[in-house]
Amino acid sequence: MRKKIVAGNWKMNTTVAEGVALAKAIVKQKKEVSKDVQLVVAPPFTHLVPVAQVIEGSSVALSAQNCADQPKGAFTGEVSAAMLKDAGCAYTILGHSERREYYGETSEKLVKKMALAFENGLKVIFCVGEKLEERNAGHHFDVVSTQISEVLFGLTPEQMADVVIAYEPVWAIGTGVTATSEQAQEIHSFIRQTLAAHFGGKVAEETTILYGGSCKPSNAKELFACPDIDGGLIGGASLKADDFIAIAKAY
Ligand code: 13P
């Protein structure tokens, strides 16, 4: 059975004190969530160590939102995969559309980041998704398959076991507009077929594929009921423990 994951991407929100309080509330309410669901929180870099202390011993896992494309040294302002591991991270998000759009994150950079994440024992939540104009032009399948092939096709099937894919249509992120469950299922199924064609059926069947983009308690159940949707990458609604837990309880 594929792992089900509900991950909260806090983006650039919360103070340390607020983040610690949010993590504490999530740990407290976690018992309401099915044991089959892995909860992940991805706070800002400055919060990783204090949040790691809060979630230690619980089954909630820690993720970073990004990592450097270099291992160490004179790269002012960057945080390496080794540092993230040392801070207590099990995962890092890579390739979020906000990083692609605002910080020039290319597939070439993502290949380097992914290699460093693996070298340091991190799993990767790899984000893909098309912009509105790309969907309107009917190019969404091409965009997503290119994002996947450029970064993931260089990996071994063993490395794919440490990759979670998050499909996040850019037009649904932070807009309140969610993909319909039909739209999401269609592209999740396509992603799985894309993986199957390259890696074979076993990798495709075992890869967790999350949906992200205005996922909230009111729509999580319908999205998570789709056969190829294995959980969610949650932005805005992950900043309130009650909403985050309610989404995870959709399973
Ligand atoms: P929202 O849930 O706020 O739309 O954000 C989704 C997202 O980008 C998660 O990475």
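It should be emphasised that the depicted structure is a prediction, and the values quoted were computed from it without experimental measurement.

Visitor: Which residues make up the site of the ligand, and what are the values?
Guide: Taken together, Asn 9, Lys 11, His 96, Glu 168, Ala 172, Ile 173, Gly 174, Gly 213, Ser 214, Leu 233, Gly 235 and Gly 236 form the complete shell of residues around the ligand. Between the ligand and the protein, one listed contact pairs an oxygen atom with a side-chain N or O atom of Asn 9 at 3.0 Å. Alone, the ligand offers 310 Å² of accessible surface; in the complex the protein occludes 94% of this.

Visitor: Describe the side chain of Thr 92, and please don't skip the residues or the numbers.
Guide: Examined against the element boundaries, Thr 92 turns out to sit in strand E4 (residues 91–94). Within the local environment of Thr 92, its side chain forms a polar contact with the backbone oxygen of Asn 66, the two atoms lying 3.4 Å apart. Thr 92 has contacts with Ser 63, Ala 64, Gln 65, Asn 66, Cys 67, Leu 84, Ala 117, Leu 122, Lys 123, Val 124 and Ile 125, leaving out every residue within four places of it along the chain.

Visitor: Any details on the environment of Ala 81? Residues and values, ideally.
Guide: Within the secondary structure layout, Ala 81 lies in helix H3 (residues 81–87). Along the chain, Ala 81 and Asp 69 lie 12 residues apart, while their C-alpha atoms are 8.5 Å from each other. If sequence neighbours within four positions are ignored, Ala 81 has contacts with Cys 67, Leu 116, Ala 117, Asn 120 and Leu 122.

Visitor: Go over the pattern of salt bridges with me, naming the residues and quoting the values.
Guide: Going through the model one piece at a time under the given rule, you end up with 11 salt bridges. Residues Lys 249 and Glu 32 are paired through a salt bridge, measuring 3.2 Å at the closest nitrogen-oxygen approach. Highlighted residues: Lys 249 in the segment after helix H12 (241–248) and Glu 32 in the loop between helix H1 (16–29) and strand E2 (37–42), separated in sequence by 217 residues. Since its relative accessible area comes to 43%, Glu 32 is described here as partly exposed. Among the ionic pairs, Glu 101 bridges to Lys 131, the shortest N-O distance being 3.2 Å. Of this pair, Glu 101 sits in helix H4 (residues 97–102) while Lys 131 sits in the loop between strand E5 (123–128) and helix H6 (132–136), placing them 30 residues apart in sequence. Several salt bridges converge on common partners, so that one network encompasses Arg 2, Arg 192, Glu 205, Asp 228 and Asp 230.

Visitor: So what about the packing of helix H5 (residues 107–119) against helix H7 (residues 140–152)? Which residues, and what values?
Guide: Relative to each other, H5 and H7 sit at 45°, their axes nearing to 8 Å. Relative to H7, the element H5 lies oblique. Where H5 crosses over H7, the handedness of that crossing is right-handed. Between H5 and H7, the residues in contact are Ser 107, Leu 110, Val 111 and Met 114 and Glu 150, Val 151 and Leu 152, respectively. In the contact of H5 with H7, the residues fall into five nonpolar, one polar and one charged.

Visitor: Account for the packing of H1 against H12, naming residues and giving values.
Guide: Packing of H1 against H12 leaves a shortest axis separation of 9 Å and a crossing angle of 40°. Between H1 and H12 the crossing geometry is right-handed. Residues Leu 22, Ala 25, Ile 26 and Gln 29 of H1 touch H12, and the partners they reach there are Ala 241, Asp 242, Phe 244 and Ile 245. Its residues assigned to classes, the contact of H1 with H12 comprises six nonpolar, one polar and one charged.

Visitor: If you had to explain the nonpolar core to someone new, which residues and values would you point to?
Guide: Core analysis: the largest hydrophobic core is formed by 68 residues, its most contacted members being Ile 26, Leu 39, Met 114 and Leu 152. The next biggest cluster of nonpolar side chains, apart from the first, holds 13 residues, and it includes Ala 7, Ala 61, Ile 125 and Leu 210.

Visitor: Which residues make up the pairing of E5, and what values do they have?
Guide: One face of the sheet, then the other: side chains in a regular strand alternate in exactly this way. Counting buried positions along E5 yields five of six residues, so the element is predominantly enclosed. Note: E4 against E5, four bridges, orientation parallel. Residue pairing in the sheet places Thr 92 in a bridge with Val 124 of E5. Alignment of E5 against strand E6 (residues 163–167), held across five bridges, turns out to be parallel. From the neighbouring strand, Val 124 faces E6, where its bridge partner is Val 163.

What counts and how
Residues numbered from 1 in each chain as written. Predicted model: local features only at pLDDT ≥ 70, side-chain atom pairs only at ≥ 80, totals over all residues. Heavy atoms only, no water. Near = heavy atom within 4 Å. Polar contact = N/O pair within 3.5 Å; in protein donor to acceptor, adjacent residues only side chain to side chain. Areas by Shrake-Rupley, 256 points an atom, 1.4 Å probe, with all protein chains shown as cover. Helix = DSSP H or I, 4+ residues; strand = E, 2+ residues; numbered from the N terminus. Contact = heavy atoms within 4.5 Å. Salt bridge = Lys/Arg side-chain N within 4 Å of Asp/Glu carboxyl O. Buried < 20%, exposed > 50% of the residue type's maximum accessible area, 1.4 Å probe, protein only. Axes fitted to C-alpha atoms, helices over the stretch in contact; angles between N-to-C directions. Parallel < 35°, antiparallel > 145°, perpendicular 65-115°, else oblique. Left-handed = near helix turned anticlockwise from the far one by under 90°. Nonpolar A, V, L, I, M, F, W, Y, C, P; charged D, E, K, R; others polar. Core = buried A, V, L, I, M, F, W, Y, C linked by side-chain atoms within 4.5 Å. Pairing = 2+ DSSP bridges.

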